[in-house]
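# Structural description and commentary
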Amino acid sequence: MSSGRNYSGKKYCTSWRPDCNFCWRVCAWTSQSRSIFGYCETRIALALKGNNTMVKETIMKIHSLGAGQHSSLKVALIGNPNCGKSTLFNVLTGLKQSTANFPGATVDKKTGKGKIQNASGKNISVEFIDLPGTYSLNPKSLDEKIAVDLLCDRNHPDHPEVTLFVADASNLKRSLFLAAQIIDLKIPVVIALNMMDVIEKRGMEIDAVLLSEKLGVKIIPISARLETGIDLLKQGIVSPVQ
């Protein structure tokens, strides 16, 4: 953990940390991309030309804002093939979808839009991108390469602010291999633990809370087919940082 000087009894990061509320509040307050303006202390100090009084006032102002104040959000859905990702995409976007090609490729680019009300009652416009299914971040096909490039290249025009990882709860071991790679990219991740209806029919249980603690990301049990858990998932998307 990289932290800097102490203001009001709290140390702030000197490098971007996706698990830090304050980093996100800096981004929200400045309306800047985290890749451009995301460091808690260092970036504020530079922006305010080292004026310590202004730094403290700015920190207090940003700290008073809630996290997740974005008015819009770009979310990429990723997961193994046949994990129910496209079904969830349809549930989240309804009829507000469009299909085109990724630049320089014949692979379909499915995008959709929706509005999600966050905990403070603010409507967030969300653009969802349904990425081609993949088993790992070591692409073996053009479809997989497109998904990997979009996630790994922060300069990509469709690079997401949040990654929605769709895991097949009935084949969790295979799903978690890719999930671990996605988490390592340091993009805020929310995991939709899909097909929980199948797990229940088998008389099995998955401790989503414990799994969330182990992986360090939010995990929301859902069934995209039955549309259960979707409201909780939406809240997890617009407030990915605790």
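About the cut-offs
- Per chain, residues are indexed from 1 in the order of the written sequence.
- Given that this is a predicted model, residues contribute local features only at a pLDDT of at least 70 and side-chain atom pairs are listed and counted only at 80 or more, while totals for whole chains, interfaces and linings are drawn from all residues.
- Based on all heavy atoms of the structure, the side-chain values leave hydrogens and waters out of the count.
- In this description a helix means any DSSP run of H or I spanning at least four residues, a strand means any run of E spanning at least two, and both kinds are numbered starting from the N terminus.
- Three labels apply to residues, based on accessible area from a 1.4 Å probe with only protein chains included: buried if under 20% of the type maximum, exposed if over 50%, partly exposed otherwise in between.
- Residue contacts are counted whenever heavy atoms from the two residues lie within 4.5 Å of one another.
- One requirement defines pairing of two strands: DSSP has to find at least two bridges between them.
- When the strands point away from the viewer, a crossover counts as right-handed if the path from the first strand over the helix to the second runs clockwise.
- What counts as a salt bridge is simple: a side-chain nitrogen of Lys or Arg found within 4 Å of a carboxyl oxygen of Asp or Glu.
- What is meant by a nonpolar core is a set of buried Ala, Val, Leu, Ile, Met, Phe, Trp, Tyr and Cys residues, joined one to another through side-chain atoms within 4.5 Å.
- The score called pLDDT rates the predictor's confidence residue by residue, from a low of 0 to a high of 100.
- Pairs of N or O atoms within 3.5 Å make up the polar contacts considered here, provided that, within protein, one atom can donate a hydrogen while the other can accept it, and that residues adjacent in sequence are counted only when both atoms are side-chain atoms.

## Quick notes on the overall build of the protein chain
- Across its full length, the protein chain carries nine helices and nine strands.
- Within the protein chain, the proportion of its 242 residues that are buried is 49%.
- Considering only contacts within the protein chain whose residues lie at least 6 apart along the sequence, 64% involve residues at least 24 apart.

## Remarks on the environment of Thr163
- The topology assignment puts Thr163 in strand 7 (residues 162-168).
- With relative accessibility at 0%, the residue Thr163 sits in the buried group.
- For the pair Thr163 and Ile129, spaced 34 residues apart in sequence, the C-alpha separation works out to 9.7 Å.

## Some words on the pairing of strand 8 (residues 189-194)
- Counting buried positions along strand 8 yields six of six residues, so the element is predominantly enclosed.
- Side chains Val189, Ile191 and Leu193 of strand 8 all project onto a buried face; the interleaved residues Val190, Ala192 and Asn194 project onto the opposite face, where all are buried too.
- Pairing between strand 7 and strand 8: six bridges, direction parallel. The partner of Asp168 across the bridge, within strand 8, is Asn194.
- You can see the chain leave strand 7, run along helix 6 (residues 172-184) and come back into strand 8, and the turn it takes is right-handed.
- Relative to strand 9 (residues 218-221), strand 8 runs parallel, the two sharing four bridges. In the strand pairing of strand 9, Ala192 is matched with Ile220.

## Remarks on the pattern of salt bridges
- Applying the stated criterion across every chain, the model contains four salt bridges.
- Across the salt bridge formed by Lys145 and Asp149, the nearest N and O atoms sit 2.7 Å from each other. One end of the pair, Lys145, and the other, Asp149, are both in helix 5 (residues 142-152), four residues apart, so they sit about a helical turn from each other.
- Since its relative accessible area comes to 42%, Lys145 is described here as partly exposed.
- The class of Asp149 is partly exposed, set by a relative accessible area of 33%.

## Remarks on the nonpolar core
- If you look at the biggest cluster of nonpolar residues, it comprises 27 residues, and the most contacted ones within it are Leu131, Leu151, Phe165, Ile182, Ile191 and Leu193.
- Sorting the residues of this core by element identifies strand 3 (72-79), helix 5, strand 7, helix 6, strand 8, helix 7 (196-201) and helix 8 (208-215) as the ones contributing at least two each.
- In terms of residues, this core owes the most to one element, helix 6, which gives five residues.
- Dropping the residues within four chain positions of it, Phe165 is found in contact with Ile78, Gly79, Ser175, Leu178, Ala179, Ile182, Val189, Val190, Ile191 and Ala192.

## Focus on unusual backbone geometry
- Of note, the phi angle at Lys186 is positive, near 65°, even though the residue is not glycine.
- Positive phi, close to 65°, is recorded for Met195, a residue that is not glycine.
- Mapped onto the elements, Met195 comes out in the loop between strand 8 and helix 7.

## Observations concerning the confidence of the model for the protein chain
- Mean pLDDT over the protein chain stands at 75; residues scoring 70 or higher make up 64%.
- Contacts from residues 24-43, a stretch scored under 50 in pLDDT, to residues over four places away or in other chains number 61 contacts.
- For residues 61-69, every residue scores under 50 in pLDDT, and the model assigns this stretch 20 contacts once sequence neighbours within four places are set aside.

## Some remarks on the side chain of Ser136
- Assignment of secondary structure puts Ser136 in the loop between strand 6 (123-130) and helix 5.
- A distance of 3.1 Å separates a polar atom in the side chain of Ser136 from the backbone nitrogen of Asn138.
- The contacts of Ser136, once residues within four sequence positions are left out, are Val148, Phe177, Leu178 and Gln181.

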